[in-house]
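Residue-level structure breakdown
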Amino acid sequence: MTKINPICVALDTPEVGKAVALAHAVKPHVGMMKIGMEFFYANGVAGYEAVACEGVPIFLDLKLHDIPTTVAQGLLSLLKLSPAPAIMNVHCSGGFDMMKAAKDAVGDRVKLIGVTILTSLSNENIWTTGFDARKTDEHTLNLARLALEAGLDGVVCSPLDLASIRTSLPRKFLTIVPGIRPTDASSHDQKRIATPRAAMAAGANFLVIGRAITSAPDPAAAAAAILESLQ
Ligand code: C5P
């Protein structure tokens, strides 16, 4: 088995009771829990603390994207949560100055991660936002490099972007990878996806897995099976 359990389960629900029950059920099989905007906007600090009480490190996935001062101050407010999240994130497209201000504000109190290009965007979707979709790889790598230069600890990226990031950037730069689907699972709204094993082989540090675990008839068994597939 890998030394650190790389599975980060995404507790995407607005209901505290459901999130806590899920957290409790899957915690023997995961290394981290992700709280995102669906849960945090509905339940705030109290909801966060109810999940964090389960004792598994928390990735607070709020994807901040604003001017440098606002993002830096926002992160400082979030750092007052107890226990503090292990990981928080900002959008790389907020630019170098924003990422640097964010990192300068939080220092080493939390791992700060940059979101590159969302795994729900196909090449056509990327093209409609005005970017050259033929250069998605190049664009992702450019955002990741900017994040590294700004002092961030790593990036969120698609499994399909891992090869270029691992070839070009230092190995200690963390990669947190959503868009993970066991072979028999539905892809839902995700487009640039891979299996847990393929993503780990390509160099992922953490696998963000939501519906493949949380919508399974037995979430604990689903998490255990994914962990087993990594051995
Ligand atoms: O259910 P599924 O495994 O697709 O959930 C993926 C999770 O990862 C969601 O919580 C989503 O917000 C998050 N995420 C993502 N793509 C990113 C960043 C985060 O899917 N680029």
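You'll find the structure just up there.
Residues numbered from 1 in each chain as written. Predicted model: local features only at pLDDT ≥ 70, side-chain atom pairs only at ≥ 80, totals over all residues. Heavy atoms only, no water.

Contact geometry of helix H1 (residues 16-26) with helix H10 (residues 219-229) gives a least axis separation of 8 Å together with a crossing angle of 45°. On the basis of their axis angle, the class for H1 and H10 is oblique. The way H1 lies across H10 gives a crossing that is right-handed. Of the residues in H10, those touching H1 at Leu22, Ala25 and Val26 are Pro219, Ala220 and Ala223. Residue classes in the contact of H1 with H10 are distributed as 6 nonpolar, no polar and no charged. (Axes fitted to C-alpha atoms, helices over the stretch in contact; angles between N-to-C directions. Helix = DSSP H or I, 4+ residues; strand = E, 2+ residues; numbered from the N terminus. Parallel < 35°, antiparallel > 145°, perpendicular 65-115°, else oblique. Left-handed = near helix turned anticlockwise from the far one by under 90°. Contact = heavy atoms within 4.5 Å. Nonpolar A, V, L, I, M, F, W, Y, C, P; charged D, E, K, R; others polar.)

The gaps of empty space that remain are located by a probe, the size of a water molecule, rolled over the atoms. Estimates place the volume of the largest pocket at around 620 Å³. Among the residues forming the lining of the largest pocket, the class breakdown is 12 nonpolar, 9 polar and 8 charged. There is about 230 Å³ of room inside the second largest pocket. Taken together, His65, His91, Ser93, Thr116, Ile117, Leu118, Leu121, Ile126, Thr129, Phe131, His139 and Leu143 make up the full set of residues lining the second largest pocket. (1 Å grid on protein atoms, 1.4 Å probe; cavity = no way out; pocket = protein on both sides within 12 Å on 5 of 7 lines; lining within 4 Å. Points joined across faces, edges and corners; volume = space filled by probe spheres on them.)

Taken together, 15 residues lie near the ligand, and Asp12, Lys34, Arg181, Gly210 and Arg211 sit nearest. Between lysine 34 and the ligand, the recorded distance is 2.7 Å, taken from a side-chain N or O atom to an oxygen atom. Residue glutamine 190 places a side-chain N or O atom 2.8 Å away from an oxygen atom belonging to the ligand. The fraction of the free accessible surface of the ligand (470 Å²) that becomes covered by protein chains is 87%. When atoms are counted within 2 Å of each cavity's grid points, the one that captures over half of the ligand is the largest pocket. Listed by contribution, the elements that provide at least two residues to the shell around the ligand are strand S3 (58-64) and strand S8 (206-209). Broken down by class, the residue content of the shell around the ligand amounts to 6 nonpolar, 3 polar and 6 charged. (Near = heavy atom within 4 Å. Polar contact = N/O pair within 3.5 Å; in protein donor to acceptor, adjacent residues only side chain to side chain. Areas by Shrake-Rupley, 256 points an atom, 1.4 Å probe, with all protein chains shown as cover. Sits in = over half its atoms within 2 Å of the grid points.)

Take the sheet that holds strand S1 (residues 7-10) next. Taken together, 8 strands build a closed barrel; the order of strands is S1-S2-S3-S4-S5-S6-S7-S8 and the barrel is parallel. Within this sheet the neighbouring strands show an average axis-to-axis angle of 25°, counted without direction. Inspection of the sheet shows strand S7 (residues 174-177) paired to S8 by 2 bridges, in the parallel sense. Pairing of valine 177 across the sheet is with leucine 207, part of S8. (Pairing = 2+ DSSP bridges.)

What follows deals with the environment of glycine 179. Within the fold, glycine 179 resides in the loop between S7 and helix H8 (196-201). Assessed through its relative accessible area of 1%, glycine 179 is described here as buried. When the C-alpha positions of glycine 179 and alanine 10 are compared, they lie 11 Å apart, and in sequence the two are 169 residues distant. If sequence neighbours within four positions are ignored, glycine 179 has contacts with Thr119, Pro159, Gln190, Arg192, Ile193, Ala194 and Val208. (Buried < 20%, exposed > 50% of the residue type's maximum accessible area, 1.4 Å probe, protein only.)

Quick look at the side chain of threonine 119 now. Here threonine 119 is to be found in the loop between strand S5 (111-115) and helix H5 (123-128). For threonine 119, the residues in contact, after removing those within four places along its chain, are Cys157, Ser158, Pro159, Pro178, Gly179, Gln190, Lys191 and Arg192.

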